[in-house]
Amino acid sequence: MDIHEYQAKYLLKRYNISVPEGKVAQSSEKAQTVAQGLRAKSFAIKAQIHAGGRGKAGGVKLARSPEEVKSAADEILNRVLVTPQTGPQGKQVRKVLIEQAVEIDREFYLGLLVDRGNANVTMIASSAGGMDIEEASKTAPEKIMRVHIDPNIGLQPFQTKKIHYHLKLPAKLLRKSTDLMTSLYQLFSELDCMLVEINPLVLTKRQKLIALDAKINFDDNALFRHPEIEDLRDDLEDDPTEVQAQKIGMSFVHLDGNIGCLVNGAGLAMTTLDVIKLKGGKPANFLDIGGRADSEGVTKALELIMAGKDIRAILVNIFGGITHCDMIAEAVIEAIKETGVRTPIVIRLAGTNYKKGRQMIRDACIQAEAVDTLSEAAEKVVALAQEN
Ligand code: GDP
Ligand code: MN
C-alpha cells in the first residue's frame, strides 16, 4: 500500500526525522491560510499524488508570499499530472502540501527496501540525490552505496558511518546522520515497510539534515498489524476496479490488452497470462477470484472484467478441486445470463467432474465455448479477440 508524501512526512516526524513544517490543503483558499500560518519567507507547493517525478511535471512550485501560494495552488489543484510514474493517463491532483521552503546546499538520496535476492534489508544512499536519481544510477553508479542489513541484528554503527563518509557529510553531523538512519530503519521495521525513500534528503545552508520528500510503501500482508496505517489509505488514488475486487476478497490487476481473464488461483492466473501471451494475445487483466467460484462470485468477477474498455474476448480458466466443475459450470452459465455479457467466452475446466461441467456449458444456450486444454483455450480466445 502506498501513502501520500504528507502522510509519510508525518510518520517520519513521529520518528524524530526532520521535515519542513507544513500542512495539506484541498483548496487554494485553504492553501493561502496554511501559508499565512507558517510565517515563512518562501513556500513550497507540492501536488499530492501516489507517484514521483512531480518536480519535472510542474507539480512542485516555489512561492514568495501567501498570495503567490494561492495562485500556485490554483494551478496545481484538480490538474491531471502526467509523470514517468503515473502512466500516460496521469493522476488527478486533489490535495497540495504547503511547506516552508528550504534553502538547499546539497541533495542526497536515502532509501531502505526489502531485498528478496539477498534475504535482507538494503539501505541505499547516493550523493547524487534529487530529481535525476534514475539517470545518475546509470551514468554514475559509483555514487550509489548499498549496505546490507541483517534483520536479526539490525543496522550497525559501522554501516551508518560508512554511509556518512560516502555522502561526504560534515564531520560534526555524524551524530545527527547516525540518528537519522537509525530512526529510518526503526520506522521501516516497526511499520512493516517494503520501501522507504527520502529523495531528496537535503543538507540545508544552515547545516541541517531535512527530509524534503518522502515515499513509503507498506507490506499489504502486514497491514492487519497496523490499523493506524490502514487508515491512511486513499481509495481515490487506487484503480477503482482493483479496490472493488479487494473488498470482495478477489485480486485484480489491470493490464493493457483486450482479453479478459477469470481464473481461480494466483498461480493459475499467472500461467493463463503467460499462455495467452505465448499464443500472441494480450491479456486485459489478472484476476484471481480466490475461493469464490459460486454464481455470485463469478457474476461479480465478470462485472469487474467488463468494466474495462476494450474487452474483445474472455477466457475462464478454472481448476475444480474442492469445488466441483459441474457446480462451476452452473455458476458460469448463471453469471453470463445474470450480467447479459455478449462478449465471446472460452471456458477451460479441469479437475473434479470436468466432463460433466463441459457438457453443461455445451448444452446451455450461451455464447461460451468449452475446450479441453489451456493451450487450446488460449489459441481460441486469441483468435476470437482478433476477429471481434
Ligand atoms: P518529486 O519530483 O516528485 O520527487 O518531488 P520532490 O518533492 O522530490 O521535489 C522535486 C524537487 O523540488 C526537489 O528535488 C528539490 O530540488 C525541489 N524542492 C522541493 N522543495 C523545495 C524547497 O523547499 N526548496 C527548494 N529550494 N527546492 C525544493
Ligand atoms: Mn523526490
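Residues numbered from 1 in each chain as written. Chains lettered and ligands numbered in written order. Predicted model: local features only at pLDDT ≥ 70, side-chain atom pairs only at ≥ 80, totals over all residues. Heavy atoms only, no water.

A. Geometry of the domain arrangement of the chain. The domains assigned to the chain are domain 1 (1–20 + 103–237), domain 2 (22–101) and domain 3 (239–387). Contact with domain 1, which involves 16 residues of that partner, is made by 18 residues of domain 2. Buried surface at the junction of domain 1 and domain 2, summed over both partners, amounts to about 1,500 Å²; 42% is from carbon and sulfur atoms. Among the residues domain 1 hides against domain 2, the three largest losses belong to Tyr6, Pro20 and Glu237. Together they make up 40% of the total. Arginine 54 is the salt-bridge partner of glutamate 5, the closest N and O atoms lying 2.8 Å from each other. Our count for the domain 1 to domain 2 interface comes out at 11 residue pairs in polar contact (both at pLDDT 80 or more). Of the residues forming the side of domain 1 that touches domain 2, the biggest block, 3 residues, is contributed by helix α1 (residues 5–14). Its residues placed into classes, the side of domain 1 that touches domain 2 shows 6 nonpolar, 1 polar and 9 charged. (Domains from an automatic or database assignment. Contact = heavy atoms within 4.5 Å. Buried area = accessible area lost by both parts, 1.4 Å probe. Salt bridge = Lys/Arg side-chain N within 4 Å of Asp/Glu carboxyl O. Polar contact = N/O pair within 3.5 Å; in protein donor to acceptor, adjacent residues only side chain to side chain. Helix = DSSP H or I, 4+ residues; strand = E, 2+ residues; numbered from the N terminus. Nonpolar A, V, L, I, M, F, W, Y, C, P; charged D, E, K, R; others polar.)

B. Structural detail: the coordination of the manganese ion (ligand 2). With distances of 2.2 Å, the protein atoms coordinating the manganese ion (ligand 2) are Asn199 (O) and Asp213 (OD). Here the residue asparagine 199 occupies a position in strand β10 (residues 193–204), and aspartate 213 occupies one in the loop between β11 (209–211) and β12 (215–218), the gap between them amounting to 14 residues. Here asparagine 199 and aspartate 213 have matching classes, each one buried. (Donors = N, O, S within 2.8 Å, 3.2 Å for Na, K, Ca; no water. Buried < 20%, exposed > 50% of the residue type's maximum accessible area, 1.4 Å probe, protein only.)

C. Highlighting the layout of surface pockets. Taken as a whole, the second largest pocket holds about 720 Å³ of empty space. Together, 26 residues line the second largest pocket, and Gln89, Asp239, Pro240, His254 and Lys309 are the ones closest to its centre. Among the elements of the structure, α8 (240–247), β13 (251–254) and α10 (295–306) are those that each provide at least two residues to the lining of the second largest pocket. Among the residues making up the lining of the second largest pocket, the classes are represented as 8 nonpolar, 9 polar and 9 charged. (1 Å grid on protein atoms, 1.4 Å probe; cavity = no way out; pocket = protein on both sides within 12 Å on 5 of 7 lines; lining within 4 Å. Points joined across faces, edges and corners; volume = space filled by probe spheres on them.)

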